[in-house]
Amino acid sequence: MKPCAYHQPVQIPDAAKLLTSIEDSKLLAGGMTLIPTLKQRLANPPALVDLSRLGSLKGISGDGATITIGAMTPHAVVAASKLVQAKIPGLAALASMIGDPAVRSRGTIGGSVANNDPAADYPAGVLGLGATIITSMREIAADEFFLGLFETALEAGEIITAIRFPVPLRAGYAKFKAPASRYALVGVFVAKFADGVRVAVTGAGPGVFRVPPMEAALSLNFDPSAIAAIKIDTDGLTSDIHAEADYRAHLVTVMAKRAGDAALV
Amino acid sequence: MGNVIGIGAAPKRKEDQRFLTGRGNYVSDIKRPGMTAGVFVRSPHGHAILRGIDKAAALASPGVIAVLTGDDVKADGLGSLPCGWGISDAKGVPMKEPPFPMLAQGKVRFVGDMVAFVVAETPEQANAGAELLNIDYEVLPSVIGVLEAVRPNAPQLFDDVPDNICCDWELGDKAAVESAFRRAAHVARLSLVNNRLIGNPMEPRAAIAEYEPGTDRFTLWTTSQFPHVVRFLMGALVLNIPQHKLRVVAPDVGGGFGVKQFHYGEEAVITWAAKRVKRPVKWVASRSEGYVSDRHGRDHVTEAELALDENGRFLAFRVNTLANMGGYLSTFGPNIPTNLYGPLLGGVYTTPAIYCNVKVVFTNTVPVDAYRGAGRPEATFVLERIVDVAAAEMGIDRVEIRRRNMIPKEAYPYQTPVLVQYDSGDPMGCLDGALEAADVKGFGVRKAASAGKGKFRGLGYSTYVEACGLAPSRFAGRLGARGGLYESATVRVHPTGQVTVMIGTHNHGQGHETTFAQIVSDKLGVAFENVDIVFGDTDRVQFGMGTYGSRSLVVGGAALSKATDKVIAKGKKIASHLLEAAEADIQFESGKFSVAGTDRMKTFEEIAGAAYVPHDYPLEVLEPGLEEQAYYDPVNFTYPGGCHIAEVEVDPETGTVTLVNYTAVDDVGTVINPMIVEGQLHGGIVQGVGQALFENAVYDEGSGQLLSGSLMDYCVPRADHMPMMKVATHATLCTHTPMGVKGCGEVGTIGSPAAVINAVVDALSHLGVTHVDMPATPNRIWRLLQNASLPVAAE
């Protein structure tokens, strides 16, 4: 990697100030994407602002109706959390499927959501559960947060501090792993709330998206076999050396059904 | 005092102590005083004219010491990277052999082709300097696939290689094959692709070179499987360094699989650069760099036809293959899809007539060379697939058609119509053993259980033979080898009776330090712990051809066995003198020289002592000392083989293939260390399964970009892809190697791809599927099911 300055603030405002005052500086959370990018010399930020000393960004809490996960909480902690397992087992399962043990120990929910990789798992969970992204400046609904390929609603100098998840009646996640990377070739998160069902898909396109026809069918009757016949339009889906768009479209249906099955367990 | 641990025992591996405790000594661990860092600047284009390189900004960059390019290579009058094999076409016309400059001159021919070398004080500074190099490329269209490369208007890599064809090679009796096809009751036909693979050894390649002006000597530390060959090729043919002025060291090396058995341009550039900058230079490849520069493997497109009589007996086999060589000829490149492919097309069958044509083709890709198995997995795949196709078309059971055509055990030695003569084997015995071990009888029940879960289950066979331990030098010379193929070993007995072996093979994961020590321990009766194996250093080891082609035990072990016999023979002479008995009456057993029929004896240690303190010694007729050397040139290839049975389950919803059972019964001849053999079989099978189900090097046709250029996009097999394997050996002894050994390093990789794909096809055969190309990825299987002749929903 190319040399750069390294800062380790202990207060959120200090971190935000560094981020805005040093042009092109980058936040470092778990570093699971940023560090490889730096090592390959594909990015050359003048400074890294490491969030690991911001203690207030770690930890999981619940109030019965919601679970709030600090942005710097590693995936392994979410996967192993008794609270998450009890209230939103589908989310704990999702966290347990990310990467490998090393990635799960270092990678954080805030980093994953802020990066918005089109094949990352968390965006499906966040959008599927209709979570709220809490930042240093405001609260953003998941439906307004993810703006496509690596794009989010975050403004310059804005730092994710936590994600607040409403506790659903049931939820499940099914992931078809890309054979090499083990990112989601297609991952589908299904969540049932009193007022309806949300279905969010990652991996299939340039960004996480919802599937209204499946949501409508499952809201009417939460029977996963009911969506087996719902086909996804291949327009806008990703085609690459691992999977063609029509195969991804087919997998969305299969994985949605399996996510529904997982929610019923 | 330790124990003798001999042939057939399974001690834990000696070398693992240092590997597992972090005390290995790899090239990247080595630091030399005043060491500089080098980075290679590689072509980002698949095919381009190199208009010019402006070094000024790079040279002005902090810490940069030198920038070397193809023009500097030319100015210094250095040679081209040599090809170790020169093959010819049917008329005897030699292959086209365009130069392979160590740094590109005039043109680049693949993404990764080396254009410049930047030397700086630190790796960071070298990288920064490299980014400032201003290179003027005129980009040309790339050609990637062999079918495209031989089309009339394809981009031409070399002006003097029409249609990009390096050699139009053939083997076998074409007329006899044509005649047999006219008589055939049935002809099975199959078109297939053998997918391009990338070796991915755990340790990326690396090198350090140093020049000592005081002695005018060069030292190169390199991640090589054959340091003596690098010394010869690089010293004598590229850099014009006399052999006695060049030391090549390959210390601990973290895996090779063939990727490290070539002389690479990086080695030559670094050694040359070390003298120019008058300081040691170090280069360590990144994984990404390895993807575009480590030689790739396989990459064939093949049309095969098998002629059968009305009883399903093979009458003739005809194979036409296009083999990808990449952008240049690598060290063994043209030998792999020809001499290591055509002669294996007989398999374990009595097919009387075989003809094989291979067009060896240049493309804008990384040069293709040997990768574990090298030619033999490709041959086995073609043959074992078409046998299944023929069986299905003729309505004959797949095992039965194999039995009808198999060479019976009594028929060995067996001369095939494609050059090779198998000395020994029992394919039927391996088949019977595997059928039993795999519980083939119970398959129907397992298939029904899978069907109950909505899954398709399939069983696949591969009864195969391969050729190891390449081969008599005289024979290889006729095939086009430009070097010898023997091996050497020196057994140095110390005055105290401990033993150091210097051997020309190279251990990079195979367990040689253990296996070879067992041979010595067994034969000399010395304790296992009192035998050390030295390899990988041209200053310490007399000579050697290195480790590849499953040759280390077969050829190197044979040299070691012979050298050990010489030690015993000399020991008997010393004992005869000390025991005052006729030499013919001296017996050597369990570390003791004794006079037959008496209790008079001398221990091995006493004899060693006498040899080095020759006070009471026949100095008139015998030299002091106890050190013997042997060179062994094989009298034939060895022919390991066996039967592999794969069992898969296919999820029709997603197209995912899961390998659920794997059984291998292999004939590797005498087994020295069963644990190590089992490990070699496991590793080989996993790599073959990788080819069958996961691995694929994919290029973009127009631009020549490698799309599968990282572990994120190139799927190597992982532990959770594998079931627990059942592996057993069924030995017939090799008749011509000293210990009856046949080699085991590649058998797993050779037997397994066909077994796995045959199982996948079997699982889908009820849908009309007759062939699946590798890798059988979920997308590919799903696509086949979409196009299948019967609806999936019918299950």
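What counts as what
- Residues numbered from 1 in each chain as written.
- Chains lettered and ligands numbered in written order.
- Predicted model: local features only at pLDDT ≥ 70, side-chain atom pairs only at ≥ 80, totals over all residues.
- Heavy atoms only, no water.
- Helix = DSSP H or I, 4+ residues; strand = E, 2+ residues; numbered from the N terminus.
- Rg over C-alpha atoms; globule rule 2.2 N^0.38 Å.
- Buried < 20%, exposed > 50% of the residue type's maximum accessible area, 1.4 Å probe, protein only.
- Contact = heavy atoms within 4.5 Å.
- Areas by Shrake-Rupley, 256 points an atom, 1.4 Å probe, with all protein chains shown as cover.
- Lys, Arg positive; Asp, Glu negative; His and termini not counted.
- Charge placed at Lys NZ, Arg CZ, Asp CG, Glu CD.
- Buried area = accessible area lost by both parts, 1.4 Å probe.
- Salt bridge = Lys/Arg side-chain N within 4 Å of Asp/Glu carboxyl O.
- Polar contact = N/O pair within 3.5 Å; in protein donor to acceptor, adjacent residues only side chain to side chain.
- Nonpolar A, V, L, I, M, F, W, Y, C, P; charged D, E, K, R; others polar.
- Axes fitted to C-alpha atoms, helices over the stretch in contact; angles between N-to-C directions.
- Parallel < 35°, antiparallel > 145°, perpendicular 65-115°, else oblique.
- Left-handed = near helix turned anticlockwise from the far one by under 90°.
- Pairing = 2+ DSSP bridges.
- Domains from an automatic or database assignment.
- Core = buried A, V, L, I, M, F, W, Y, C linked by side-chain atoms within 4.5 Å.
- Phe/Tyr/Trp six-rings, centres within 6.5 Å; stacked < 30°, edge-to-face > 60°.
- Lys NZ or Arg CZ within 6 Å of the ring centre and 35° of its normal.

The helix and strand tally for chain A stands at 11 helices and 12 strands. For chain A, whose C-alpha radius of gyration is 18 Å, the value lies close to the compact-globule estimate of 18 Å for 265 residues. For the C-alpha atoms alone, the extent of chain A along its principal axes is close to 55 × 45 × 30 Å. The buried share of chain A, taken over its 265 residues, is 54%. Counted over contacts in chain A with a minimum sequence separation of 6, partners at least 24 positions apart contribute 58%.

For the rest of this paragraph, the subject is the overall build of chain B. If you tally the helices and strands in chain B, you get 20 helices and 28 strands. Relative to a compact globule of 795 residues, whose C-alpha radius of gyration would be 28 Å, chain B shows 28 Å and is just as compact. For chain B, the C-alpha atoms occupy an extent of roughly 90 × 75 × 55 Å along the three principal directions. Contacts in chain B between residues at least 24 apart in sequence constitute 80% of all its contacts with a sequence separation of at least 6. Accessible surface, chain B as shown: approximately 27500 Å² in total, 53% of it carbon and sulfur. Computing the positive centroid from 72 side-chain charges and the negative centroid from 88, chain B places the two 1 Å apart.

This part takes up the interface of chain A and chain B. Interfaces are often sized by the accessible area lost when the parts come together. Taken residue by residue, the interface counts 23 residues in chain A and 24 residues in chain B. Interface area for chain A against chain B, summed over the two sides, is near 1900 Å², with a carbon-plus-sulfur share of 47%. Taken as a group, A:Arg41, A:Arg182 and A:Ile241 account for 28% of the area that chain A buries against chain B, more than any other trio of residues on that side. The tally of links between chain A and chain B comes to nine salt bridges. Taking the shortest distance from any N to any O, the salt bridge between A:Arg182 and B:Asp720 comes out at 2.9 Å. The tally of links from chain A across to chain B stands at 18 residue pairs in polar contact (both at pLDDT 80 or more). Here the element with the most residues in the side of chain A that touches chain B is helix α11 (residues 245-264) of chain A; it accounts for eight residues. Its residues placed into classes, the side of chain A that touches chain B shows 12 nonpolar, four polar and seven charged.

Now for the pattern of salt bridges. All names here are of chain B. Per the counting criterion, the structure on display carries 56 salt bridges over all chains. For glutamate 384, the salt bridge goes to arginine 402, with nearest N and O atoms at 2.9 Å. Linking glutamate 384 in helix α10 (residues 376-394) with arginine 402 in helix α11 (residues 398-405), this pair joins segments that are 18 residues apart in sequence. Judged by its relative accessible area of 1%, glutamate 384 falls in the buried class. In this structure, aspartate 762 and arginine 398 form a salt bridge, with 3.6 Å as the shortest nitrogen-oxygen distance. Here aspartate 762, found in helix α19 (residues 747-764), pairs with arginine 398, found in helix α11; they are 364 residues apart in sequence, far enough to count as distant. Of the two residues, aspartate 762 and arginine 398, both sit in the buried class. Ionic contacts of the salt-bridge type, sharing partners, join the residues Asp439, Arg446, Lys453, Arg457, Glu647 and Glu649 into one network.

All names here are of chain B. Running from N to C, helix α7 (residues 227-238) and helix α8 (residues 265-277) point in directions that differ by 60°, and their axes come no closer than 11 Å. If you check the angle between α7 and α8, you find them oblique. Pair α7 / α8 crosses with right-handed handedness. Each of Val230, Met234 and Val238 in α7 lies in contact with α8, whose residues at this interface are Glu267, Ala268 and Thr271.

With that settled, consider the environment of B:Asn311. Tracing the sequence through the fold places B:Asn311 in the loop between β13 (296-308) and β14 (314-326). Along the primary structure B:Asn311 and B:Ala185 are separated by 126 residues, whereas in three dimensions their C-alpha atoms are 8.6 Å apart.

Another point: the sheet that holds strand β26 (residues 641-651) of chain B. All names here are of chain B. Reading across from one edge, β18-β26-β27-β28 is the order of the four strands in this open sheet, with mixed pairing throughout. The open sheet has two edge strands, β18 (456-465) and β28 (725-729), and neither has a second partner. Geometrically, the sheet is characterised by an average inter-axis angle of 15° between neighbouring strands, direction not taken into account. Bridging between β18 and β26 involves 10 bridges; their strand directions are antiparallel. Looking across to β26, one finds that valine 465 is bridged to glycine 641.

Let us look at the domain arrangement of chain A. According to the domain assignment, chain A consists of domain 1 (1-50) and domain 2 (170-264). Placing a centre on the C-alpha atoms of domain 1 of chain A and another on those of domain 2 of chain A gives a separation of 34 Å.

The next point concerns the nonpolar core. General note: in soluble globular proteins, nonpolar side chains tend to be found buried as a group. Formed by 176 residues in total, the largest nonpolar core has its most connected members in B:Met102 and B:Phe317. The two domains that each donate at least three residues to this core are domain 2 (31-140 + 202-255 + 260-291) and domain 3 (296-470 + 636-794) of chain B. Setting aside anything within four residues of it in sequence, one finds B:Met102 in contact with B:Val73, B:Leu78, B:Leu81, B:Met114, B:Val238, B:Leu239, B:Gly265, B:Ala268, B:Val269 and B:Trp272. Judged by nonpolar contacts, the second largest core, of 48 residues, contains A:Leu57, A:Val113, A:Phe145 and A:Val208.

Turning our attention to the side chain of B:Thr331. Residues and elements named next belong to chain B. Following the sequence through the fold, threonine 331 ends up in the loop between β14 and β15 (353-362). Of note is the side chain of threonine 331, whose polar atom sits 3.0 Å from the backbone nitrogen of histidine 263. In contact with threonine 331, not counting residues within four places along its chain, are Pro82, Cys83, Gly84, Trp85, Phe226, Leu233, Phe262, His263 and Asp369.

Another point: the packing of aromatic side chains. What characterises a pair of aromatic rings is the spacing of the ring centres plus the angle enclosed by the ring planes. Residue and element names in this part refer to chain B. Counted by the stated rule, this structure contains 26 aromatic pairs over all chains. Where phenylalanine 262 meets phenylalanine 332, the ring centres are 6.3 Å apart and the plane angle is 65°; that geometry is what we call edge-to-face. Placement of the pair is phenylalanine 262 in the loop between β11 (246-249) and α8 and phenylalanine 332 in the loop between β14 and β15, with a sequence separation of 70 residues. Of the two residues, phenylalanine 262 and phenylalanine 332, neither departs from the other in class, the shared state being buried. An aromatic cluster of three or more residues is present, and its members are Phe100, Phe110, Phe158, Tyr328 and Phe362. If you follow arginine 205 out to its NZ or CZ, it ends over the ring of tyrosine 264, 3.6 Å from the centre. The side chain of arginine 551 reaches across the aromatic face of tyrosine 548, ending 5.3 Å from its centre.

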